[in-house]
Amino acid sequence: MDYQNTLAFAVAQDEQDVLKDFRNRFFIPKHNGEDAIYLCGNSLGLQPKSSAQYLADQMKNWESLAVEGWFQGDDPWLEYHKSLSTSIARIVGANKNEVSVMNSLTVNLHLLMVSFYKPNSKRFKVIMEGGAFPSDQYAVESQVKFHGFDPKDVVIEIFPRERELTLRTEDILKTIETHADELALVLFSGINYYTGQFFDIQAITIAAHQAGAYAGFDLAHAAGNVPLHLHEWDADFACWCSYKYMNSGPGGISGIFVHEKHFTDSAMNRFAGWWGYRADKRFLMAPGFDPALGADGWQVSTSPILLLALFKASMAIFDEVGNIGMLREKGVALTGYLEFLINEINKTKGEEVFRIITPANPAIRGSQLSIVCTQNAKAIFKYLAENGVIGDWREPDVIRLSPVPLYNSFKDVYKAAKHLSDALDAVK
Ligand SMILES: *Cc1c(COP(=O)(O)O)cnc(C)c1O
């Protein structure tokens, strides 16, 4: 796309945008009485205006049906999670029974590692990207210790080459091959939260399988952001949260994917609970765990219906868009526009005042740019906030800006860049 550094260009792009009306479905926070420039959907997605009604409907069911709500009403709670599986399956590229919704993300990562990380004296190593989201690092470290191993001997982190900012796929594959004999699990994010790099899930999976290991993915920053084909890519498992790109509210429900080829593997460990029991026999309350066939078989506890209702409001919006490819196309265009404008600032200043560490290739990033401020970083971030640009800060000097195609506009991006540029003079 031929971008231009003018407000008129941004406005014209917005007028042509086929998704432009979706912005009206969300509450946009205000700054001095005007819409804030919210570029933080990678941390907490905005609230759909419909969310309150979805929540109210279930409060009403609770009020009028009470316990009968599990079996009655237009959407009985017992099967409520199933009404979400078509939408979720489309977003992550899975069969309906390969996905489920339950718990929160790190909890699910633990539960899935119980199944997919079963180290022995020969195979015990875990390969991860260096600088993974801390919660994932802690989860892995504690799982490793739980099995009686020392994380130092077990966890292999892959870092970028010297003077490079992101990982090369070839280096990831090579590391997997190098440790093949002792490798139990490759656990990667889909998109790294810090750099915004979108990893080659399929290539990583193939390499892990060739090494005789499982491949699992934390898709917190990928689900609802980039097109995914988990079934086709043959990933063993994945989990994600729904409160980032999927707008289901703070601490919203998490989702899981388990490839169907594992459904009948009875040698696989599970931390079981009654909600994972096969639905037709759950209420016989018989001894002996007999899991549901599918990702639902990994459920543990009673469905949190109010959280699911919030998620359902969001899924209805994704369903209406229908084609995640359309969101992707706009996300690529918005992110590219932000990149173009930042490069313009650098050109004007005659130096790289803002260094983008997210890959320049749109195919290997989502709707996010991580920007190193080479001077006055903290003050620039503060200036942005004071001027209604909401991004997020990562130590020591990174600002992440995330233009989300469902509710951000080219005008948002233009204005954000203008404030970035103004900040340089204001905070001198
Ligand atoms: C956001 C995020 C989390 C957060 O996990 P919670 O259990 O929802 O607090 C974990 N991992 C990654 C990679 C994330 O991006």
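Analysis parameters
- Residues numbered from 1 in each chain as written.
- Predicted model: local features only at pLDDT ≥ 70, side-chain atom pairs only at ≥ 80, totals over all residues.
- Heavy atoms only, no water.
- Near = heavy atom within 4 Å.
- Polar contact = N/O pair within 3.5 Å; in protein donor to acceptor, adjacent residues only side chain to side chain.
- Areas by Shrake-Rupley, 256 points an atom, 1.4 Å probe, with all protein chains shown as cover.
- Nonpolar A, V, L, I, M, F, W, Y, C, P; charged D, E, K, R; others polar.
- Salt bridge = Lys/Arg side-chain N within 4 Å of Asp/Glu carboxyl O.
- Pairing = 2+ DSSP bridges.
- Helix = DSSP H or I, 4+ residues; strand = E, 2+ residues; numbered from the N terminus.
- Axes fitted to C-alpha atoms, helices over the stretch in contact; angles between N-to-C directions.
- Contact = heavy atoms within 4.5 Å.
- Buried < 20%, exposed > 50% of the residue type's maximum accessible area, 1.4 Å probe, protein only.
- UniProt positions renumbered as here; feature names shortened; annotations may be inferred.
- Parallel < 35°, antiparallel > 145°, perpendicular 65-115°, else oblique.
- Left-handed = near helix turned anticlockwise from the far one by under 90°.

Student: Tell me what's going on with the site of the ligand, and back it up with residues and numbers.
Tutor: Taken together, Leu-105, Thr-106, Phe-133, Asp-136, Asp-218, Ala-220, His-221, Tyr-243 and Lys-244 form the complete shell of residues around the ligand. Measuring from an oxygen atom of the ligand, one finds a side-chain N or O atom of Thr-106 at 2.6 Å. With respect to the ligand, the side chain of Tyr-243 contributes an N or O atom lying 2.5 Å from an oxygen atom. In the complex, 84% of the free accessible area of the ligand, which totals 390 Å², lies under the protein chains. By residue class, the composition of the shell around the ligand is four nonpolar, two polar and three charged.

Student: Kindly report on the pattern of salt bridges, identifying the contributing residues and their values.
Tutor: The final tally for this structure, using the stated rule, is 30 salt bridges. Notably, a salt bridge pairs Glu-162 with Arg-163, separated by 4.0 Å at the nearest N-O pair. Look at the salt bridges and you will find they share partners, linking Arg-161, Glu-164, Arg-168, Glu-170 and Asp-171 into a network.

Student: Describe in detail the sheet that holds strand S8 (residues 214-218), supporting the description with residues and values.
Tutor: One open sheet holds the seven strands; their spatial order is S4-S10-S9-S8-S7-S5-S6, and the pairing between them is mixed. Strands at the two margins of the open sheet, each flanked by one partner only, are strand S4 (99-102) and strand S6 (155-158). Going across the sheet, the axis of each strand differs from the next one's by a mean of 20°, ignoring polarity. One ladder, built from five bridges, connects strand S9 (residues 237-241) with strand S10 (residues 254-258); its direction is antiparallel. Bridging from a neighbouring strand, Trp-240 pairs with Gly-255 of S10. Strand contacts of helix H4 (residues 105-116): S4, strand S7 (183-189), S8, S9 and S10, with the helix running at about 170° to S9, the strand carrying the most contacts.

Student: Now, about the environment of Leu-109: what can you tell me, with residues and values included?
Tutor: Here Leu-109 lies in helix H4. A sequence separation of 147 residues divides Leu-109 from Ile-256, and the C-alpha atoms of the two residues are 8.7 Å apart. Each residue touching Leu-109, except ones within four places of it in the same chain, is listed here: Asp-136, Ala-139, Leu-187, Asp-218 and Cys-239.

Student: With reference to specific residues and values, describe unusual backbone geometry.
Tutor: Of note, the bond from Glu-395 into Pro-396 is cis; its omega dihedral lies within 30 degrees of zero at 0°. Among the secondary structure elements, Pro-396 is positioned in the loop between strand S14 (392-394) and strand S15 (398-401). Residue Asn-376 is not a glycine yet carries a positive backbone phi of 50°. Following the sequence through the fold, Asn-376 ends up in the loop between strand S12 (369-373) and helix H12 (377-386). The class of Asn-376 is partly exposed, set by a relative accessible area of 39%.

Student: Give a detailed account of the UniProt feature "modified residue: N6-(pyridoxal phosphate)lysine" (unreviewed entry) in the protein chain, specifying residues and quantitative values.
Tutor: Within the UniProt annotation, "modified residue: N6-(pyridoxal phosphate)lysine" (unreviewed entry) is assigned to Lys-244. If you trace the backbone, Lys-244 turns up in the loop between S9 and S10. Beyond its immediate chain neighbours, meaning those up to four positions away, Lys-244 contacts Gly-41, Asn-42, Ser-43, Leu-44, Gly-45, Phe-133, Ala-220 and His-221.

Student: Mind laying out the packing of helix H11 (residues 324-349) against helix H13 (residues 410-426), listing which residues take part and the relevant values?
Tutor: Two numbers describe how H11 lies on H13: the axes approach to 9 Å, and their chain directions differ by 25°. Considered as vectors, H11 and H13 are oriented roughly parallel to each other. Of the two elements, H11 crosses H13, and the hand of that crossing is right-handed. Contacts from Ala-333, Leu-334, Tyr-337, Leu-338, Leu-341, Ile-342, Ile-345 and Lys-349 in H11 reach Phe-410, Val-413, Tyr-414, Ala-417, Leu-420, Ser-421, Leu-424 and Asp-425 in H13. Classifying every residue of the contact of H11 with H13 gives 13 nonpolar, one polar and two charged.

Student: Can you explain the packing of H4 against helix H5 (residues 134-146)? Please cite residues and give values.
Tutor: When two helices pack together, you describe them by how their axes are tilted relative to each other and by the distance separating the axes. Two elements in contact, H4 and H5, have axes whose closest approach is 10 Å; the angle formed by their N-to-C orientations is 35°. The chirality of how H4 crosses H5 is right-handed. Residue-level inspection shows Thr-106, Leu-109, His-110, Met-113 and Val-114 of H4 in contact with H5, the latter providing Ser-135, Asp-136, Ala-139, Val-140, Ser-142 and Gln-143. Among the residues forming the contact of H4 with H5, the class breakdown is five nonpolar, five polar and one charged.

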